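Each chain, letter by letter, is given below.
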Amino acid sequence: MNAYNISDLRDAARRRLPKTIFEFIDGGAFDEVTLRANRADFEKRRFMTRVLTDVSICERSTTIIGTPASAPLVLAPTGLAGILHRRGELSASRAAHAAGVPYCLSTMSTCSIEQIAQASEVQRWFQLYVLRDRGITKTMIERARSTGCKALVLTVDTKVQGPRERDMRNGFTVPPKFTLGTMIDFARHWRWLIDVGLGPKVTFRNFDGTAAQSGNAVTITQFIAGQYDLSISWKDVDWFKSVWGGPIALKGVLSPDDARIAVDHGVDAIIVSNHGGRQLDGAISAIDALPGVVEAVRGKAEVILDGGVRRGSDVVKALCLGARACMIGRAWLYGLASGGEAGVAKALDILIKEIDTTMTLLGRTTLAELGPHCLVAN
Ligand SMILES: Cc1cc2nc3c(=O)[nH]c(=O)nc-3n(C[C@H](O)[C@H](O)[C@H](O)COP(=O)(O)O)c2cc1C
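Reading the values: the criteria
- Residues numbered from 1 in each chain as written.
- Predicted model: local features only at pLDDT ≥ 70, side-chain atom pairs only at ≥ 80, totals over all residues.
- Heavy atoms only, no water.
- 1 Å grid on protein atoms, 1.4 Å probe; cavity = no way out; pocket = protein on both sides within 12 Å on 5 of 7 lines; lining within 4 Å.
- Points joined across faces, edges and corners; volume = space filled by probe spheres on them.
- Helix = DSSP H or I, 4+ residues; strand = E, 2+ residues; numbered from the N terminus.
- Nonpolar A, V, L, I, M, F, W, Y, C, P; charged D, E, K, R; others polar.
- Axes fitted to C-alpha atoms, helices over the stretch in contact; angles between N-to-C directions.
- Parallel < 35°, antiparallel > 145°, perpendicular 65-115°, else oblique.
- Contact = heavy atoms within 4.5 Å.
- Left-handed = near helix turned anticlockwise from the far one by under 90°.
- Expected span 1.5 Å × (residues − 1).
- Buried < 20%, exposed > 50% of the residue type's maximum accessible area, 1.4 Å probe, protein only.
- Arc of directions from axis to C-beta.

Participant: Sorry, what's going on with empty space enclosed by the protein here?
Facilitator: Space left empty within the atom packing is revealed by a probe, the size of a water molecule, rolled over the atoms. Inspection of the entire model under this criterion finds two cavities of 30 Å³ or more. Taken together, 33 residues line the largest cavity, and the ones lying closest to its centre are Pro77, Thr78, Gly79, His275 and Arg278. Among the secondary structure elements, those contributing two or more residues to the lining of the largest cavity are α2 (19-26), α10 (220-227), β11 (325-328) and α15 (330-362). For the lining of the largest cavity, the per-class residue count stands at 15 nonpolar, twelve polar and six charged.

In structure tokens, the structure reads:
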């Protein structure tokens, strides 16, 4: 595959996918200010290099809330990966396993928790959206535990869906609707059409056998409005901890005050995230929010940066600011869309090599050597 960086994979994804589907993954909420800030605020940070240090061996393996990882990376949970490539979550989990990094499966996946567990040996985490029906929520937690998921990721920034105007304009639904407009778009992307459009019906597989699985084409906003619990609050975190009984991470925290409360509730990791700019537009970028959260947590929980990572150097910058690891969302989705499992493997290979190159040129060969001193204050 002729891709030198994640941007090349994005171009390839744009070519392979119908516009409706590409815009679903690429887009953000409202004016996409936060989406752009997630990138721009990485780019404004600069390294301070050191020279003449022995960089012949670079050590970047780590653990992330107890899960071993060959690099400080986790594949972020993304719903509907199977709309990009048939059984997309399975392909991604296999590529993650081969690269030695954890994979976080979304509640909204098109392969079920059990399908992934049966067909992939990856170190799995499970991401949970809290549903109004606590019975289904509890069953999902039990399914995640019994299939060997190592951590529970509670996404807390999605009480309603951030308005994504590209999806509204395109009439994006699950499964994709065949209208005159979409049919022309689909037909122009015949590889996708054969693989996904004419393949098995794309649905939220974790909801099979529940009332939530309507069988009709719905917008994601409609699905969320029907299912998600608007009343969830801090007291529920204790309930999740007791039902799950293992490492738990909160995804979608930006405020140091929330980070402190999370630590008081015994959360193991805080994922600093604005959902890749897909929820509250105008929210602070993930990388700008990171230092405040790291300071508030004072080492009592691990901090994971999520949002805007497109280069290995972004990962190194986040680690310099105190992150234990980074989650990547669109970076692996672009790979998946452009080349299935091989495409995700390519995305991971690109990022991991870029981490190595960055650390080498920075003159730091272990993760422990990274810190704010490796960056110029901005
Ligand atoms: C297409 C798509 C679907 C997503 N689905 C979920 C999801 O089901 N659950 C969740 O917690 N986050 C979801 N996210 C957010 C990602 O987990 C992650 O926070 C975001 O992609 C990070 O930003 P990045 O894409 O710039 O790396 C989704 C993101 C995208 C792009």
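Participant: How should the packing of helix α3 (residues 33-43) against helix α14 (residues 312-320) be read in this particular structure?
Facilitator: Helix packing for two helices is described by the angle between their axes and how far apart those axes are. For the pair α3 and α14, interaxial distance at closest approach is 10 Å and the crossing angle is 75°. Judged by the inter-axis angle, α3 sits roughly perpendicular to α14. Across the interface between the two elements, Arg39, Phe42 and Glu43 of α3 pack against Asp314, Lys317 and Ala318 of α14. Of the residues contributing to the contact of α3 with α14, the split by class is two nonpolar, no polar and four charged.

Participant: Looking at this model, I keep getting lost on the layout of surface pockets. Mind explaining?
Facilitator: If you add up the space inside the largest pocket, you get close to 520 Å³. Lining the largest pocket are 27 residues, with Val156, Asp157, Thr158, Lys159 and Gly252 positioned closest to its centre. For the lining of the largest pocket, the element with the most residues is strand β8 (residues 248-253), which contributes three residues. Of the residues contributing to the lining of the largest pocket, the split by class is 14 nonpolar, nine polar and four charged. Empty space within the second largest pocket amounts to approximately 350 Å³. In terms of lining residues, the second largest pocket is bounded by 16 residues, among which Arg10, Asp26, Arg39, Arg310 and Tyr334 are the most central. Elements with a minimum of two residues in the lining of the second largest pocket: α1 (6-16), α3 and α15.

Participant: It is not clear to me how the packing of helix α12 (residues 256-264) against helix α13 (residues 286-297) should be interpreted in this structure. Could you clarify?
Facilitator: Contact geometry of α12 with α13 gives a least axis separation of 8 Å together with a crossing angle of 35°. In this structure, α12 meets α13 at a crossing whose hand is right-handed. From α12, Pro256, Ala259, Arg260 and Val263 reach across to α13, where they touch Gly292, Val293, Ala296 and Val297. Looking at side-chain class alone, the contact of α12 with α13 contains six nonpolar, one polar and one charged residues.

Participant: Which parts of the structure should I look at to understand α13?
Facilitator: Helix length check: α13, at twelve residues, gives a terminal C-alpha distance of 16 Å against a target of 16 Å (1.5 Å per residue), a fit within 8%. When α13 is considered as a whole, its buried residues turn out to be Ala286, Ile287, Ala289, Leu290, Val293, Ala296 and Val297. Along α13, the residues classed as buried sweep out an arc of 155° about the axis, all on the same side. Taken together, the buried residues of α13 touch α3, α12, β9 (269-273), β10 (302-306) and α14. Of the residues flanking the end of α13, it is Arg298, one or two places downstream, whose phi is positive at about 50°.

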